[in-house]
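Secondary and tertiary structure notes
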Amino acid sequence: MTTDTSGAVLPSPADEARFWALLEAAWAELGDEPAAVRQRLIQRAPGAYPEWLYDLDLWMDPFLERLRGLSDGLGSDELTGLDRVLERKLYDLDRRDVYDATPATDEGFLHARGYIVAAGREFYQAVQAEPRLAIEDAWCEGMGWFFAHLHRERFGGDPETGSGISRESYSNEAGWR
């Protein structure tokens, strides 16, 4: 287990690798069409709103269903590790510059960050580097607490990530300075 200077538990490299691999496997099961849309999202000019921009929205529910299926055999520790990664990714996106590209309510901003993560590692990294690639009104409500909800369903309680951070909007003080 890796911790930071405050003693907060950080996601392990293995958990992060598993996290992104699960997301990519879920997308792969959906075929070439959403893969092409995901690539176009990354390759478009920042702030551009082409006619196809919201095409990935149609694939979010099937993606979450596939992700759920791929997570079926995971134990409590595995789901906790995945939730710790998700929590960190959402926290790291909790910044003014990302919000400015996706103006939303508190809960809406969580869902917008969920969309960014759900769209995959490449899109997440692209938005981290260029926040104007984020999309106004593009939400994935089911992603924000995905692994925590699976943990609760299967094991009767929320996972204890030990991270000391919150995925809630406006909680990353450094991102809002």
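Numbering of residues starts from 1 in each chain and follows the order in which that chain's sequence is written. Since the coordinates come from a predicted model, pLDDT governs what is reported: local features require at least 70, and pairs of side-chain atoms require 80 or more to be given and counted, while whole-chain, interface and lining totals use all residues. Calculation of side-chain values draws on the structure's entire complement of heavy atoms; hydrogens and water are dropped beforehand.

Time to look at helix α7 (residues 121–129). Every α-helix carries 3.6 residues per turn, so stepping three or four residues along brings you back to the same face. Think of it in three bands: residues with accessible area under 20% of the maximum for their type are buried, residues over 50% are exposed, and the middle band is partly exposed, with areas taken using a 1.4 Å probe on protein chains only. To qualify as a helix, a DSSP run of H or I must reach at least 4 residues; to qualify as a strand, a run of E must reach at least 2; elements of each kind are numbered from the N terminus. Those residues of α7 that sit buried are F123, Y124, A126 and V127. Seen along its axis, α7 keeps its buried residues to an arc of 165 degrees; they face one direction. Contacts were defined at the residue level, with two residues in contact if any of their heavy atoms lie within 4.5 Å. Buried residues along α7 sit against α1 (13–28), α2 (32–43), α4 (76–93), α5 (96–101) and α6 (106–118). What the arc covers is the set of directions going from the helix axis to the C-beta atoms.

A separate point is the environment of A112. Within the fold, A112 resides in helix α6. Looking at A112, the relative accessible area reads 2%, which means it is buried. With 58 residues separating them in the primary sequence, A112 and Y54 have C-alpha atoms 13 Å apart. Ignoring any residue separated from it by four or fewer positions in sequence, one finds A112 in contact with T102, A138 and W139.

Another aspect to go through is α2. To estimate the expected span of a helix, subtract one from its residue number and multiply by 1.5 Å. Here α2 contains 12 residues, and its C-alpha end-to-end distance of 16 Å stays within 8% of the 16 Å for a straight helix at 1.5 Å per residue. Among all positions of α2, only P34, V37, R38 and L41 are buried. The arc that holds the buried residues of α2, viewed along the axis, is 100 degrees, so those residues lie on one side. Every exposed residue of α2 that faces more than 90 degrees away from the buried side is listed here: D32 and Q43. Here the buried face of α2 lies against α1, α3 (57–70), α6 and α7.

It is worth spelling out the packing of aromatic side chains at this point. Centres within 6.5 Å make a pair out of two Phe, Tyr or Trp rings, where for Trp the six-membered ring is used; the pair is then stacked when the planes are under 30 degrees apart, edge-to-face when over 60, and tilted otherwise. Counting across every chain of the model gives 12 aromatic pairs. Measuring from ring centre to ring centre gives 6.2 Å for Y99 and Y170, while their planes differ by 65 degrees; the resulting arrangement is edge-to-face. In this pair, Y99 is assigned in helix α5 and Y170 in the segment after α8 (146–155), connecting sequence segments 71 residues apart. Ring pairs connect the aromatic residues F19, W20, Y124, F146 and F147, which therefore count as one cluster. Should the NZ of a Lys or the CZ of an Arg lie within 6 Å of a ring centre and within 35 degrees of the ring normal, that charge is described as sitting over the ring. Positioned above the aromatic ring of W52, the side-chain terminus of R40 is 4.6 Å from the ring centre. Residue placement shows R113 over the ring face of F109; its charged tip is 4.8 Å from the ring centre.

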